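Working through the structure, step by step
What follows is each chain in one-letter form.
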Amino acid sequence: IGLLECCARCLIGAPFASLVATGLCFFGVALFCGCGHEALTGTEQLIETYFSKNYQDYEFLIDVIHGFQYFIYGTAAFFFLYGALLLAEGFYTTGAVRQIFGDYRTTICGKGLSATVTGGPKGRGARGPQRAHSWQRVCHCLGKWLGHPDKFVGITYVLTIIWLLVFACSAVPVYIYFNTWTTCQSIANPTKTSASIGTLCADARMYGVLPWNAFPGKVCGSNLLSICKTSEFQMTFHLFIAAFVGAAATLVSLLTFIIAATYNFAVLKLMGRGTKF
C-alpha cells in the first residue's frame, strides 16, 4: 500500500468530530482551571487589602475559595482523562461504523474491535476455530468496554447538566466585577451620571462575599476608582472573563461529544447486523 493510500484510509476512519471536541475540551478546561485558580487568588488579595481589615470577616470566604481551587484541580484531572477516553471511544466506534458502510478497511486491531461492537464472527471460519491474533484479542477486550456509545452518551449527558451549573456559577464573578468596573467608569466620568461621586460604591456585602457586619465592606468614590486602576483588579477581572470563556468552550465540547456518540450509536444500532448493546 502506498503512503498516500495508507494516509487516506486513516483519514477516512478518523473521528473528526471527536478530535475537534477533544481539542476544544482540553483548551476549555485548561483555560477555565488555570485562569479560574489565579482569579480566585486575586479576589482573595483584593478582599484582604481593600474591603475588610478583620480576618474573621473573610475567613469563611477564604475557605470557600480554597475549596473551589481544590475543585479546579479535580476537574482538570478528570476532564483530561475523560476527554482522552471519549476520543478513544470515537476512534473505535467510528471504525465499526465505517466498516458497516463498507468505505473503510480495518486493520487487524479494527477487525477485532468491530467483531465485538457489531457482533461479527469471533474467530470461527469455514475451517473451524482459528487462533486470533494477539493484538486482535487485545482490541477485542477493549471493544467490550469502549464499544458502547450509548453508555458514553448517558454519562456525558449527566456531565453536561453538571457543567451547565458550573458555567452559570462562572458567570457570577464576571457579573460582580463588571458592575464594579461600570461604577468606576461612572466615577471617572461624573458628567455622565447625576449621582454624587461619594455615593457610588462597590459593596462586597451585597453579593454575599462578606457578612453584613464586615468593616468597611464597601469602597466608594475616588478610593474605588483607584482600586479599579490597579493591575490586581484589571488582571483578576480579565482572568474571570477567560475562565468564563473556557467554561463555555468545555460546554460546547461536551455537546459535540454527545452528538457524535449518539450518531455512532444510532448507526450501529439501526444499520449494524446483529448489533448488541
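Residues numbered from 1 in each chain as written. Predicted model: local features only at pLDDT ≥ 70, side-chain atom pairs only at ≥ 80, totals over all residues. Heavy atoms only, no water.

Describing the UniProt feature "transmembrane region" (unreviewed entry) in the chain
- Here, the residues flagged by UniProt with the feature "transmembrane region" (unreviewed entry) are residues 12-32, 70-88, 152-178 and 239-266.
- Measuring from the first to the last C-alpha atom of residues 70-88 gives 28 Å, for a span that is 100% helix and 0% strand. (UniProt positions renumbered as here; feature names shortened; annotations may be inferred. Helix = DSSP H or I, 4+ residues; strand = E, 2+ residues; numbered from the N terminus.)

Overview of the nonpolar core
- By size, the foremost hydrophobic cluster in this structure holds 48 residues, and its most contacted members are F32, I47, W163, L210 and L224.
- When residues of this core are traced back to their parent elements, those giving at least two are α2 (16-51), α3 (55-101), α6 (149-188), α7 (221-228) and α8 (231-270).
- When residues of this core are assigned to their parent elements, the largest contribution, 11 residues, is made by α2. (Core = buried A, V, L, I, M, F, W, Y, C linked by side-chain atoms within 4.5 Å. Buried < 20%, exposed > 50% of the residue type's maximum accessible area, 1.4 Å probe, protein only.)

Re the environment of F167
- Locating F167 in the fold gives a position in helix α6.
- Between the alpha carbons of F167 and F244 there is a distance of 7.0 Å; along the sequence they are 77 residues apart.

Examining the pattern of salt bridges
- Within the structure shown, the criterion is met by one salt bridge.
- The closest approach of N and O atoms between D203 and R205, which form a salt bridge, is 3.0 Å.
- Accessibility expressed as a relative area gives 15% for R205, which makes it buried. (Salt bridge = Lys/Arg side-chain N within 4 Å of Asp/Glu carboxyl O.)

Some points on unusual backbone geometry
- Cis rather than trans, the peptide bond between F215 and P216 has omega equal to -5°.
- Tracing the backbone shows P216 in the loop between β3 (201-203) and β4 (218-220).

What to know about the state of the cysteines
- A complete count under the given rule lists two disulfides for this structure.
- Two residues, C184 and C228, share a disulfide whose sulfurs are 1.7 Å apart. Taking the torsion about the sulfur-sulfur bond, which here is approximately 50°, the covalent link between C184 and C228 counts as right-handed. Of this pair, C184 sits in helix α6 while C228 sits in helix α7, placing them 44 residues apart in sequence.
- Its relative accessible area of 2% is what places C184 among the buried residues.
- For C228, a relative accessible area of 4% gives the class buried.
- Here C33 stays unpaired: no disulfide links it, and the sulfur of C35, its closest cysteine neighbor, is 9.8 Å away.
- Looking at C33, the relative accessible area reads 6%, which means it is buried. (Disulfide = S-S within 2.5 Å.)

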